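Residue-level structure breakdown
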Amino acid sequence: MPKRITTRNLTHIITSKMVVVSKVRLNYFNGEYEKREIESDKLIESLEFLNESEIFAEAVDWTYHRIHVQDREDLIRIHGGRMSSYMPCTVDFELHMAKGVDIGDIEKKLLIEEEECSH
């Protein structure tokens, strides 16, 4: 079952290099369904900008699932959606643990309260 997370917590684990972002895909619906891959650096830059805006950071609905991959590391799949049906774009990407980082620690950071993450 997907779990809700905040833009701040997501940005924190990425910019602190606890995870590596991969397979970033934008999904559009503008009369027909389209997909487009983007570079992870562009996603990170956009997340940082969104996080700095504060009020707009809460307008994006983020969820994640933990995926167990047999014979490989677990990963986290993120879905960024919209609170408004008028926003025609969503984003999907994967987070891979940095060397020496435990997936359980990542999940704890994603789920902590907003005030705790800012300290």
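Residues numbered from 1 in each chain as written. Predicted model: local features only at pLDDT ≥ 70, side-chain atom pairs only at ≥ 80, totals over all residues. Heavy atoms only, no water.

Quick word on the environment of isoleucine 76
You can see isoleucine 76 is positioned in strand β5 (residues 75–82). Judged by its relative accessible area of 0%, isoleucine 76 falls in the buried class. Taking C-alpha positions, isoleucine 76 is 6.8 Å from histidine 96, a pair spaced 20 residues apart along the chain. Setting aside residues up to four positions removed in sequence, isoleucine 76 forms contacts with Tyr64, His65, Phe93, Glu94, Leu95, Met97, Ile103, Ile106, Glu107 and Leu110. (Helix = DSSP H or I, 4+ residues; strand = E, 2+ residues; numbered from the N terminus. Buried < 20%, exposed > 50% of the residue type's maximum accessible area, 1.4 Å probe, protein only. Contact = heavy atoms within 4.5 Å.)

Concerning helix α2 (residues 40–52)
For α2, spanning 13 residues, the distance from its first C-alpha to its last is 18 Å, which sits close to the expected 18 Å at 1.5 Å a residue. Residues of α2 that are buried: Leu43, Leu47, Leu50 and Asn51. Burial along α2 is one-sided: seen end-on, the buried residues are contained in an arc of 95 degrees. Exposed side of α2, more than 90 degrees from the buried face: Asp41, Phe49 and Glu52 are the residues found there. Of the surrounding elements, those touching the buried residues of α2 are α1 (7–15), β2 (19–29), β3 (33–38), β4 (60–67) and β6 (89–97). Glutamate 54, located one to two residues past α2, shows a positive phi value of around 60 degrees. (Expected span 1.5 Å × (residues − 1). Arc of directions from axis to C-beta.)

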